[in-house]
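Residues per chain, in single letters:
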Amino acid sequence: MKYAVIGTGAIGGYYGAMLARGGHEVHFLFHNDYDYVCQHGLHVKSCNGDFHIDDVKAYNSTLEMPKVDVVIVGLKTTNNALLPSLLPSLLKEDTIVLLIQNGIGVEDDVQAMFPGVQLAAGLAFICSAKTEPGVVNHQFYGSINIGNYSCRDIKRYEMMLADFEDSGVSVRNVEYNEARWRKAVWNMPFNGMTVVMNTQTSNLLSVPEMRRIVHNQMLEVIHAAWACGVENISENFADAMIKSTLDMVPYSPSMKLDFDFHRPMEINYLYTRPVQIAHNHGFIMHQMQMLEVQLKFLAR
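What comes next concerns the included structure. (Residues numbered from 1 in each chain as written. Predicted model: local features only at pLDDT ≥ 70, side-chain atom pairs only at ≥ 80, totals over all residues. Heavy atoms only, no water.)

### Notes on the packing of aromatic side chains
So, point 1. This model, assessed by the stated rule, comprises seven aromatic pairs.
So, point 2. An angle of 50° between the planes, with centres 6.5 Å apart, marks the rings of Trp186 and Tyr251 as tilted. Pair noted here: Trp186 is in helix H6 (residues 176–196) and Tyr251 is in the loop between helix H9 (236–247) and helix H10 (254–260), with a separation of 65 residues, a long-range link.
So, point 3. With relative accessibility at 11%, the residue Trp186 sits in the buried group.
So, point 4. Over the face of the ring belonging to Phe237 we find Arg182, whose NZ or CZ atom lies 4.6 Å from the ring centre. (Phe/Tyr/Trp six-rings, centres within 6.5 Å; stacked < 30°, edge-to-face > 60°. Helix = DSSP H or I, 4+ residues; strand = E, 2+ residues; numbered from the N terminus. Buried < 20%, exposed > 50% of the residue type's maximum accessible area, 1.4 Å probe, protein only. Lys NZ or Arg CZ within 6 Å of the ring centre and 35° of its normal.)

### Overview of the packing of H6 against helix H11 (residues 267–280)
So, point 1. Where H6 meets H11, the axes come as close as 11 Å, and the angle between the chain directions of the two elements is 130°. Taken together, H6 and H11 sit at an angle that is classed as oblique. The element H6 and its partner H11 pack so that their crossing is left-handed. Residue-level contacts link Trp181, Asn187, Met188, Asn191 and Gly192 of H6 to Leu270, Tyr271, Pro274 and Ile277 of H11. (Axes fitted to C-alpha atoms, helices over the stretch in contact; angles between N-to-C directions. Parallel < 35°, antiparallel > 145°, perpendicular 65-115°, else oblique. Left-handed = near helix turned anticlockwise from the far one by under 90°. Contact = heavy atoms within 4.5 Å.)

### Comments concerning the layout of surface pockets
It is the rolling of a water-molecule-sized probe over the atoms that shows where space remains empty.
So, point 1. The volume enclosed by the second largest pocket comes to roughly 150 Å³.
So, point 2. Lining the second largest pocket, in full, are Ile104, Gly105, Asp108, Tyr176, Asn177, Arg180, Trp181, Cys228, Val230, Ile277 and His281.
So, point 3. Per-element tally for the lining of the second largest pocket: the top contributor is H6, with four residues.
So, point 4. Grouping the amino acids of the lining of the second largest pocket by side-chain chemistry returns six nonpolar, three polar and two charged. (1 Å grid on protein atoms, 1.4 Å probe; cavity = no way out; pocket = protein on both sides within 12 Å on 5 of 7 lines; lining within 4 Å. Points joined across faces, edges and corners; volume = space filled by probe spheres on them. Nonpolar A, V, L, I, M, F, W, Y, C, P; charged D, E, K, R; others polar.)

### Thoughts on the pattern of salt bridges
So, point 1. With the rule as written, the count across this model stands at 15 salt bridges.
So, point 2. We note a salt bridge from Arg180 to Glu107, for which the minimum N-O separation is 2.6 Å. Of this pair, Arg180 sits in helix H6 while Glu107 sits in helix H4 (residues 106–113), and the two are 73 residues apart along the sequence. No difference in accessibility class separates Arg180 from Glu107, as the two residues are buried.
So, point 3. Between Asp247 and Lys243 there is a salt bridge, with the nearest N and O atoms lying 3.2 Å from each other. On the criterion of helical spacing, the pair formed by Asp247 and Lys243 is a turn pair, its members being four residues apart in helix H9.
So, point 4. On the accessibility criterion, Asp247 (42% relative accessible area) is partly exposed.
So, point 5. Residues joined by salt bridges that share partners form a network here, namely Asp69, Lys92, Asp94, Asp153 and Arg156. (Salt bridge = Lys/Arg side-chain N within 4 Å of Asp/Glu carboxyl O.)

### What about H6?
So, point 1. With 21 residues, H6 extends 30 Å between its outermost C-alpha atoms, agreeing within 8% with the 30 Å of an ideal straight helix rising 1.5 Å per residue.
So, point 2. Of all the bends in H6, the greatest measures close to 35° and is centred on Ala184.
So, point 3. A large share of H6 lies buried, amounting to 19 of its 21 residues.
So, point 4. For H6, the N-terminal cap is Glu175; the gap from its side-chain oxygen to the backbone nitrogen of Asn177 is 3.1 Å. (Expected span 1.5 Å × (residues − 1). Bend = angle between axes of the 7 residues up to and from the residue. Polar contact = N/O pair within 3.5 Å; in protein donor to acceptor, adjacent residues only side chain to side chain.)

### A few points about the environment of Leu91
So, point 1. Structurally, Leu91 is set in the loop between helix H3 (83–86) and strand S7 (96–99).
So, point 2. The sequence separation of Leu91 and Asp69 amounts to 22 residues, and the corresponding C-alpha distance is 7.8 Å.
So, point 3. Those residues in contact with Leu91, other than ones at most four positions away along the chain, are Lys67, Val71, Val97, Phe114 and Val117.

### Observations regarding the nonpolar core
So, point 1. Counting residues in each nonpolar core, the largest one holds 40 residues, and the members touching the most others are Trp181, Met218, Val221, Met255, Tyr271, Met285 and Met288.
So, point 2. At the level of elements, H6, helix H7 (201–206), helix H8 (208–227), H9, H11 and helix H12 (286–299) are the ones that each hand at least two residues to this core.
So, point 3. Excluding residues within four positions of it along the chain, Val221 makes contact with Trp181, Ala184, Val185, Met188, Pro189, Met285 and Met288. (Core = buried A, V, L, I, M, F, W, Y, C linked by side-chain atoms within 4.5 Å.)

### Describing the packing of H8 against H12
So, point 1. Running from amino to carboxyl end, H8 crosses H12 at an angle of 110°, the nearest separation of the two axes being 8 Å. Judged by the inter-axis angle, H8 sits roughly perpendicular to H12. Contacts from Ile213, Asn216, Gln217, Glu220 and Val221 in H8 reach His286, Gln287, Met288 and Leu291 in H12.
So, point 2. Taken together, the residues that form the contact of H8 with H12 break down as four nonpolar, four polar and one charged.

Keep in mind these values describe shape, not function.
Given below as structure tokens:
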């Protein structure tokens, strides 16, 4: 199948490069990196072995890109207002749009922008950053869970999963709501806490008292997921997330990098929306409400 990547950053750049290395046709939209990548290609520094994409199909406008079978959206959700101008020229009647984005409620809003378009949610379990032109720094992990939000063409959906797997990406097909809340168990505590405490994940977990706070926050997210009808996330998942984070290299989540580089933080979909959705189901996320207020204060 033919792919397009919108938002060739730490996440879109990595998965797009993996697909391209795997022999798939991938068209990349670049912004600031366009001239650099045209001259030097796209480089992935990976814990699994570095690789380089020489002949990158690079563009600085989606109007110049072909229509594709799958659009991978790796934009920060703070830029989703750009989607009505970016996506239409890429879409065929049966195109799947894979949103590899943080938070809960994203697909609802994108579907409202594009009624009838087939959407899937991509939940990346990866430590990756992009801090220089044309270079993706893949530090740890790299698997992805994908949940079907509104894909009618199941054969095409399964082909997309197979393409990821064939390209060396560990992929799981999971129930949509479970996928979003499962990712939130890690995202909501660590993104906000690393900003508020001005630190990295490893430092948070090195102090027993802070580790207990993070663990309790994870349990709150799990209980919110239960209230919203998700059944397949047990409390033991919090322990597994703590352990996997301890195994990681010291890491600054995407929100911490956004804060450090004075970019807008994804507070809405990472905190405001899930807190409201849980409230609508009768569950109050007290700890996440506090983080939301602190982050909004810092954002001012």
